[in-house]
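Residue-level structural notes
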Amino acid sequence: AQSVAQPEDQVNVAEGNPLTVKCTYSVSGNPYLFWYVQYPNRGLQFLLKYITGDNLVKGSYGFEAEFNKSQTSFHLKKPSALVSDSALYFCAVRDPNTNAGKSTFGDGTTLTVKP
Amino acid sequence: SAVISQKPSRDICQRGTSLTIQCQVDSQVTMMFWYRQQPGQSLTLIATANQGSEATYESGFVIDKFPISRPNLTFSTLTVSNMSPEDSSIYLCSVVPRGQGGGPNTEAFFGQGTRLTVV
């Protein structure tokens, strides 16, 4: 079985400061990992993914994430937060061995960036 | 990539009635999924819609309550049957296009969701 944990319901940062949104996962083999963002009253949008290769992946809007196999983590980061980054962020994991394409989502973290 | 048109975008329904939600994709995809999301909360997978066969339901979801059709590789419907206020939620259609090597190594694409309120 696969699972994802986002330990923080809420993250608050000041504009211009770095931000981190945490994610840990559990899957039987090597995982596929994803971050999605959901703005109010809108659908989910893809930010970035880790499939294989370099542990540091870069995505949309200046976000990046680092895959850490030993800590089973995939934290989302951005060097300098913007007020427009305020949204709900979801981490998701997929087990490639099943080939089913099913994703398991974390509970989400609400990011608030204050001016 | 994939562009998904989902409708209706919202509806208010009487308890005991049924609502059918449609999901149209602009390209052929094998893997299509239906999720439920309470506002501001996580996504819960209802079922995987398979073309040409019965849908595969997750624990806690049954075909009688959430019948699904998948007549071709670009279209699916989810029906919420005999609705009660507990069914009030956002329902999302999602697809995962095949990536390099044919595996599920691409990101998921989502419809805009159907916000259902049962009164």
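Relevant structure appears above.
In this text, all values refer to a predicted model and were calculated from it rather than measured experimentally.

Analysis parameters
Residues numbered from 1 in each chain as written. Chains lettered and ligands numbered in written order. Predicted model: local features only at pLDDT ≥ 70, side-chain atom pairs only at ≥ 80, totals over all residues. Heavy atoms only, no water. Helix = DSSP H or I, 4+ residues; strand = E, 2+ residues; numbered from the N terminus. Rg over C-alpha atoms; globule rule 2.2 N^0.38 Å. Buried < 20%, exposed > 50% of the residue type's maximum accessible area, 1.4 Å probe, protein only. Contact = heavy atoms within 4.5 Å. Areas by Shrake-Rupley, 256 points an atom, 1.4 Å probe, with all protein chains shown as cover. Lys, Arg positive; Asp, Glu negative; His and termini not counted. Charge placed at Lys NZ, Arg CZ, Asp CG, Glu CD. Phe/Tyr/Trp six-rings, centres within 6.5 Å; stacked < 30°, edge-to-face > 60°. Buried area = accessible area lost by both parts, 1.4 Å probe. Salt bridge = Lys/Arg side-chain N within 4 Å of Asp/Glu carboxyl O. Polar contact = N/O pair within 3.5 Å; in protein donor to acceptor, adjacent residues only side chain to side chain. Pairing = 2+ DSSP bridges. Axes fitted to C-alpha atoms, helices over the stretch in contact; angles between N-to-C directions.

Let's talk about the overall build of chain B
- Per the secondary structure count, chain B includes 0 helices and 11 strands.
- Along chain B, helices (α) and strands (β) appear in the sequence β-β-β-β-β-β-β-β-β-β-β when read from the amino end.
- Taken against the 2.2 N^0.38 rule, which gives 14 Å for 119 residues, the C-alpha radius of gyration of chain B at 14 Å falls within 12% of a compact globule.
- When burial is assessed residue by residue, chain B has 51% of its 119 residues classed as buried.
- Restricting to contacts in chain B with at least 6 residues of sequence separation, those with at least 24 account for 55%.
- Roughly 5,500 Å² of accessible area belongs to chain B as shown, and the carbon and sulfur atoms make up 47% of that amount.
- Chain B carries 8 positive and 8 negative side-chain charges, and their two centres are separated by 5 Å.

Overview of the overall build of chain A
- Of the regular secondary structure elements, chain A holds 0 helices and 12 strands.
- Secondary structure of chain A in N-to-C order comes out as β-β-β-β-β-β-β-β-β-β-β-β.
- For chain A, whose C-alpha radius of gyration is 14 Å, the value lies close to the compact-globule estimate of 13 Å for 115 residues.
- With the principal axes as the frame, chain A shows a C-alpha extent of 45 × 30 × 20 Å.
- The burial tally for chain A puts 48% of its 115 residues in the buried class.
- The contacts in chain A between residues at least 6 apart in sequence include a share of 57% that link residues at least 24 apart.

Concerning the packing of aromatic side chains
- Here the structure, examined in full by the defined rule, presents 12 aromatic pairs over all chains.
- Between Phe63(A) and Tyr89(A), the ring centres sit 5.6 Å apart and the planes meet at 50 degrees, which makes this aromatic pair tilted. With Phe63(A) in the loop between strand S7 (56-58) and strand S8 (64-68) and Tyr89(A) in strand S10 (residues 87-94), the pair connects residues that are 26 residues apart, well separated along the chain.
- On the basis of relative accessibility, which here comes to 1%, the residue Phe63(A) falls in the buried class.
- Taking 6.0 Å as the distance between ring centres and 70 degrees as the angle between the ring planes, the aromatic pair formed by Phe105(A) and Phe110(B) counts as edge-to-face. Of the two residues, Phe105(A) is situated in strand S11 (residues 104-105) and Phe110(B) in strand S10 (residues 109-110); the pairing between them involves two chains.

Here we look at the interface of chain A and chain B
- Each partner contributes residues to the interface: chain A has 22 residues there, and chain B has 24 residues.
- When chain A packs against chain B, the two sides together hide about 1,700 Å² of surface, and 52% of this comes from carbon and sulfur.
- Applying the counting criterion to the chain A and chain B interface returns 2 salt bridges.
- Notably, a salt bridge pairs Lys49(A) with Glu107(B), separated by 3.2 Å at the nearest N-O pair.
- Put simply, chain A and chain B have 8 residue pairs in polar contact (both at pLDDT 80 or more) between them.

Brief notes about the pairing of strand S7 (residues 68-72) of chain B
- Relative to strand S8 (residues 75-80) of chain B, S7(B) runs antiparallel, the two sharing 3 bridges. Its bridge partner lying in S8(B), Asn72(B) is registered against Phe75(B).

Digging into the sheet that holds S7(B)
Residue and element names in this part refer to chain B.
- Pairing in this open sheet of 4 strands is antiparallel, and the strands run S1-S3-S8-S7 from one edge to the other. On the outer flanks of this sheet lie strand S1 (4-7) and S7, each paired with one strand and no other. Sheet twist, expressed as the mean angle between neighbouring strand axes with direction ignored, is 15 degrees.

None of the figures reported here should be taken as evidence of function without further support.
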